[in-house]
Amino acid sequence: MSADPRLNAIAQYFATRGWQPLAFQAETWAAYLAGRSGLVQVPTGSGKTYAAVMGPIAEMIAQPKEGLQLLYITPLRALSRDIEQAIKLPIEAMGWNITVESRTGDTSSSRKTKQLKNMPNILITTPESLAVMLSYKDGAKRFGNLQAVILDEWHELMSSKRGTQAELCVGHLRSLQPNLRTWAISATLGNLEEAAQTAVGLGPEPVIIRSNLQRDTVITSIRPESVDTFPWAGHLGLRMFETLVEALDIEKSTLIFTNTRNQAERWYQALNFALPEEADRIALHHGSIDVKEREAIEAGVKSGDIKWVVCTSSLDLGVDFQPVERVVQIGSAKNLARLLQRAGRSAHVPEGTSEVFFLPTNALELLEISAFRRGLELGDMETRRPQHKPYDVLVQHLVTLACGDGFEPQKTLENLRQTIAYADLTDAEYQWILDFIENGGQCLGAYPRYKKVVREDGLFKISDAKLARIHRMGIGTITSNTPVKIVYTNRKEIGTVEEAFVSRLKQGDVFFFAGRQLEYFQMKDMVLYVKGTKRKSTVTPSWGGGQLAISDTLSHHLRQEVEWVRSRLKESSGTASSQSVELTADEIRSPQALAIDDSSDTPLSKGGRGDLINPEILTITPILEAQQRLSTLPSADELLVESCKTREGQHLYVFPFEGRFVHEGLGFLWGYRFAKKKTATFTISVNDYGFEILGPKDYPYRDLFSSDFFSLENLADDIRASLNISELTQRKFRGVAQVAGLVFKGYPGSRKTSSQLQVSTSLLYEVFTKYEPDNLLLKQAEREVLQDQLETYRLTQTLSRLDQRSVVWKETKRPSPLAFPLLVERLNSRMSNETLLERIQRMKEQWEKR
């Protein structure tokens, strides 16, 4: 322990627990007490929370003060409860005179009112709740003794608008307290320097603290006994629920992660069907289930009463589940950091070994898990970039400050330019925003509700108390379809679903939600009243925004994996096939990788790929061999393009392996560039491995193709022309308008419907487009379409990379195993599941006859 006498109290507490401070914890405390700010990155479950809070607590004990001294910002309300308990534990055990409270959306109104009058010494809160606090007067007094801010799970917050909101709020607190120290905590970031600077703001040089703790992750894939040569998205998944049940142990505490809430609901149904006698020990947890029920489930996991929890990202982050022994990932996590984060939920102790079972929803995801293994072995991790000048968040923030003590425009601009997000905010942009919130800008000046602020004695202040109340209800950056509350007829709340789902139901319909069979009783004021029923149904709610795309880091390893397999198949000339046939079924299903003798000069040893064949590759060897036989597997310096003709028309399949969002942009861009050369109507479908362009029969793709298709010249204009950019921008503008406070969702109990909000934002969009095309919020909406939805930054990099590769054209008689999922993706968008399955089976039978 450091010689700093202020740490004596901490040393005494650690001694009572029989602990020794870890090196990174002691380093963090010393840096904090020396007045520094920075970032701590260590594996999940290694003691990050105590590393962050014990320095400030030591200072509070040594130099007691009244009021708020430490602000702990967390991205999830569920985390706040655990963090509060973890911080209270040493304080209560040692009798330190320090008060700790939480303030989130779940905190009662009466407690929130008391907190504004008498703040605790340590407050755990969310970015939204902090912003609401700043919207009340006397902020300078309330935060007058604040010494430090901790930004928990910074890897999760930083790259979102919530991260920008946190940046702005903490930046304002620094203007009230110039010596404020800021510490970010992270587990999985690839760009630590940028992340640390974003947390502490421009100016101070952040301290970056890492640990040498080793945390191993053991990945075991649950593989099918045989695979279909023509896989497609979802063709495995629930079919393998019995295999999953056999692989798991109901006595072992297990979190079963899915990528969407709809998937979680269906898997929970399947597991209950498989183990009806264990229904009390299996639970469902996602963000749309009522908070009290989620808390009860979390408590059940900690006590050991609940053994398996089917969950989504609602349990991704640092909720402390020490009893959890194992994690299951249903479908590819699509992102190295996400898999590592979820893996860290098991063996949640320093240097513990995380155990992850991976169950694919389609056979090609086994290739992804093999790429995951390679990436994790190399220690690779995705980078997270902060948002760049989201004007809607700034509009909201300035009105928030105006609701509080008001803000002086020039000083506020200087503070804004100390944040990474708004470092290059121009005078013209700032002036436009000030005019927009004061006068309604060029278009909305005739409407008093858009004149939100007035100048008084050199300060901008809110124009009236009613606008302040409305603004506080709308604070936040998370936008979604208007939720409909699901409530029993006895008024017990169950959770929320999206209005679009409820609109498809009628009285008497039965659906499955939150692990229950529910019957539609009546709908009133955005509340759906239901009754429990024993009638069965497979209808399950779906929520928007469910699709994930592979990250740039994972796509790199995926291309390397394909290159490795290709080299081996080519070098072996069929050896890989015979080897997999010689293995027993038990050997193929073994979780251990199989060693290969690399004493000879094989492509494996030359490529520096190590001496192991991942078991997933052995499982999908029939698919890869069929791909090589019917077409080819591309090397890392090749771009595979396949063309085939069916009764539907002429298909072009392209395989960059860059992820769904990049392929969406590429598909539309190439379709536009083909159409410029020879007019035609195209249908585009995409997945993580490639894209399909379906055109008229005998469309001459190859004759028209040239290096121009990789050109970056006029790229932005071509993308705008290739897509219905105005429709996409209008859709994106809905969220921007909500964050900027241009539409009011309604008071509690009389919320506006999605269609009402859509009409309001559509009207604003049309007015701005017609009369103020340079409106910054319009420009932001288009930028979000290009940067977030189509990932134009990655698209530009991809085009440059593809231009360096040799294009391999293959004419095929039928879609190859890589092409088949793209065909199904397109069919799936226009057919029911039953029709889709029948159609797929018929196509396969026709092809097998050829």
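Everything below is about the structure printed above this text.
Computed from a predicted structure; not experimentally measured.

Any details on the overall build of the protein chain? Residues and values, ideally.
Across its full length, the protein chain carries 35 helices and 27 strands. Scored against the burial criterion, the 850 residues of the protein chain give a buried share of 58%. Within the protein chain, counting contacts between residues at least 6 apart in sequence, those at least 24 apart form 75% of the total.

Go over the nonpolar core with me, naming the residues and quoting the values.
Membership of the largest hydrophobic core comes to 44 residues, with the highest contact counts inside it found for Phe407, Phe733, Leu742, Phe768 and Leu777. When residues in this core are grouped by element, the largest group, nine residues, is from helix 16 (residues 391-403). If sequence neighbours within four positions are ignored, Phe407 has contacts with Leu398, Leu401, Ala402, Thr412, Tyr430, Leu434, Ile437, Gly458, Leu459 and Phe460.

Go over the sheet that holds strand 13 (residues 354-359) with me, naming the residues and quoting the values.
Here six strands make up an open sheet; going across it, the order is 8-13-12-9-11-10 and the pairing parallel. Single-partner strands in this sheet number two, and they are strand 8 (217-221) and strand 10 (282-285). For this sheet, the mean inter-axis angle between neighbouring strands, taken without regard to orientation, is 20 degrees. Against the sheet, helix 13 (residues 291-303) makes contact with strand 10 and strand 11 (308-311), and its axis sits at roughly 135 degrees relative to strand 10, the strand it touches most. Where helix 14 (residues 336-343) meets the sheet, it contacts strand 8, strand 9 (254-257), strand 12 (326-330) and strand 13, and its direction lies at approximately 145 degrees from that of strand 12.

Before we move on, could you go through the pattern of salt bridges and cite the residues and values that matter?
As a working rule, side chains carrying opposite charge can pair if their charged atoms are close by. Counted by the stated rule, this structure contains 36 salt bridges. Of the charged contacts in the structure, one is a salt bridge between Arg801 and Glu658, with a shortest N-O distance of 2.5 Å. Remark: Glu658 occurs in the loop between strand 24 (649-655) and helix 27 (660-677) and Arg801 occurs in helix 33 (residues 792-803); sequence separation between them is 143 residues. Judged by its relative accessible area of 32%, Arg801 falls in the partly exposed class. The class for Glu658 is buried, based on a relative accessible area of 1%. One network of salt bridges, with partners in common, ties together Arg559, Glu658, Glu791, Arg794 and Arg801.

Describe the side chain of Ser129, naming the residues involved and giving the relevant values.
With respect to the helices and strands, the residue Ser129 is situated in helix 6 (residues 127-134). Polar contacts involving the side chain of Ser129 include one to the main-chain carbonyl oxygen of Arg103, which spans 3.5 Å.

I'd love a proper account of helix 12 (residues 261-274), names of residues and values included.
Taking 1.5 Å as the rise per residue, helix 12 with 14 residues should run 20 Å; its terminal C-alpha atoms sit 20 Å apart, in good agreement. Counting buried positions along helix 12 yields ten of 14 residues, so the element is predominantly enclosed. Taken residue by residue, helix 12 has Asn262, Gln263, Ala264, Glu265, Trp267, Tyr268, Gln269, Ala270, Leu271 and Asn272 as its buried positions. By the N-cap criterion, in which a side-chain oxygen at the helix start approaches the backbone nitrogen of a residue two or three places on, helix 12 is capped by Thr260, the distance to Gln263 being 3.1 Å.

Which residues make up the pairing of strand 12, and what values do they have?
Most of strand 12 is tucked away: five of the five residues are buried. Both faces of strand 12 are covered, namely the face carrying Arg326, Val328 and Ile330 and the face carrying Val327 and Gln329. Note: strand 9 against strand 12, four bridges, orientation parallel. Bridge pairing links Leu255 to Val327 in strand 12. Bridge count for strand 12 against strand 13 is four bridges, and the pairing is parallel. From the neighbouring strand, Val327 faces strand 13, where its bridge partner is Val356.

Describe the packing of aromatic side chains, naming the residues involved and giving the relevant values.
Summed over the entire model, instances satisfying the criterion amount to 28 aromatic pairs. Between Trp670 and Phe710, the aromatic rings sit 5.7 Å apart at their centres with planes inclined by 65 degrees, giving edge-to-face as the arrangement. Here Trp670, found in helix 27, pairs with Phe710, found in the loop between helix 28 (701-704) and helix 29 (715-722); they are 40 residues apart in sequence, far enough to count as distant. On the accessibility criterion, Phe710 (6% relative accessible area) is buried. The lysine or arginine in question, Arg374, covers the ring of Trp564, its NZ or CZ lying 5.5 Å from the ring centre. A cation over an aromatic ring shows up here: Arg472 above the ring of Tyr136, its NZ or CZ 4.1 Å from the ring centre.

Before we move on, can you summarise the pairing of strand 26 (residues 691-695) with the specific residues and values?
Among the five residues that make up strand 26, five are buried, leaving the element largely enclosed by the rest of the structure. Burial along strand 26 is two-sided: the face carrying Phe691, Ile693 and Gly695 and the face carrying Glu692 and Leu694 are both buried. Of the pairings in the sheet, the one linking strand 24 to strand 26 comprises five bridges and is antiparallel in character. Within the sheet, the bridge partner assigned to Leu652 lies in strand 26 and is Ile693. Once strand 25 (residues 683-686) ends, the chain turns through four residues before running back antiparallel as strand 26.

Quick one: what's the story with the sheet that holds strand 18 (residues 510-513), residue by residue and with numbers?
Taken in spatial order, the five strands of this open sheet run 17-16-20-19-18, and their pairing is mixed. On the outer flanks of this sheet lie strand 17 (493-498) and strand 18, each paired with one strand and no other. The mean inter-strand angle of the sheet, taken between neighbouring strand axes irrespective of direction, is 40 degrees. The pairing of strand 16 (residues 483-488) with strand 20 (residues 527-532) spans four bridges and is classified as parallel. The residue bridging Ile486 from the neighbouring strand is Leu528, located in strand 20.

A description of the packing of helix 17 (residues 409-416) against helix 18 (residues 427-439) should follow, citing residues and the corresponding values.
The description of two packed helices rests on the angle between their axes and on the distance between the axes. As a packed pair, helix 17 and helix 18 sit with axes 12 Å apart at the nearest point and diverge in direction by 125 degrees. Overall, the two elements helix 17 and helix 18 adopt an arrangement that is oblique. Where helix 17 crosses over helix 18, the two elements pack in a sense that is right-handed. Seen from helix 17, the contacting residues are Pro409, Thr412, Leu413 and Leu416; seen from helix 18, they are Asp427, Tyr430 and Leu434. Of the residues assigned to the contact of helix 17 with helix 18, the class counts are five nonpolar, one polar and one charged.

Can you tell me about the side chain of Ser186, naming the residues and giving the values?
Mapped onto the elements of the fold, Ser186 is located in strand 6 (residues 181-186). Among the residues examined, Ser186 registers a relative accessible area of 1% and is labelled buried.

Outline the packing of helix 27 against helix 29, listing residues and values.
At a closest axis distance of 9 Å, the pairing of helix 27 and helix 29 adopts a crossing angle of 90 degrees. Here helix 27 lies roughly perpendicular to helix 29, going by the angle between them. Where helix 27 abuts helix 29, its residues Phe668, Leu669, Tyr672, Arg673 and Lys676 lie against Leu715, Asp718, Ile719, Ala721 and Ser722.

Just give me the short version of unusual backbone geometry, but keep the residues and values in it.
Positive phi outside glycine occurs at Glu153, with the angle close to 50 degrees. Position of Glu153 relative to the elements: it lies in the loop between strand 5 (148-151) and helix 8 (154-157). Looking at Glu153, the relative accessible area reads 5%, which means it is buried. Positive phi values are uncommon outside glycine, yet Arg491 reaches one of about 75 degrees. Along the chain, Arg491 turns up in the loop between strand 16 and strand 17.

Residues and numbers for the environment of Ile478, please.
Structurally, Ile478 can be placed in the loop between helix 19 (465-474) and strand 16. By relative accessible area, which is 59% here, Ile478 ends up exposed. Each C-alpha atom, one on Ile478 and one on Ser160, is 9.5 Å from the other, the two residues being 318 residues apart in sequence. With sequence-adjacent residues up to four places away left out, Ile478 is seen in contact with Glu128 and Arg162.

Mind laying out the environment of Asp427, listing which residues take part and the relevant values?
Structurally, Asp427 can be placed in helix 18. Look at Asp427 and you get exposed, because its relative accessible area is 52%.

Describe the environment of Lys531, naming the residues involved and giving the relevant values.
If you trace the backbone, Lys531 turns up in strand 20. Residues Lys531 and Gly508 lie 23 residues apart in sequence; the distance between their C-alpha atoms is 9.6 Å.

Reading the values: rules and limits
- Residues numbered from 1 in each chain as written.
- Predicted model: local features only at pLDDT ≥ 70, side-chain atom pairs only at ≥ 80, totals over all residues.
- Heavy atoms only, no water.
- Helix = DSSP H or I, 4+ residues; strand = E, 2+ residues; numbered from the N terminus.
- Buried < 20%, exposed > 50% of the residue type's maximum accessible area, 1.4 Å probe, protein only.
- Contact = heavy atoms within 4.5 Å.
- Core = buried A, V, L, I, M, F, W, Y, C linked by side-chain atoms within 4.5 Å.
- Pairing = 2+ DSSP bridges.
- Axes fitted to C-alpha atoms, helices over the stretch in contact; angles between N-to-C directions.
- Salt bridge = Lys/Arg side-chain N within 4 Å of Asp/Glu carboxyl O.
- Polar contact = N/O pair within 3.5 Å; in protein donor to acceptor, adjacent residues only side chain to side chain.
- Expected span 1.5 Å × (residues − 1).
- Phe/Tyr/Trp six-rings, centres within 6.5 Å; stacked < 30°, edge-to-face > 60°.
- Lys NZ or Arg CZ within 6 Å of the ring centre and 35° of its normal.
- Parallel < 35°, antiparallel > 145°, perpendicular 65-115°, else oblique.
- Left-handed = near helix turned anticlockwise from the far one by under 90°.
- Nonpolar A, V, L, I, M, F, W, Y, C, P; charged D, E, K, R; others polar.

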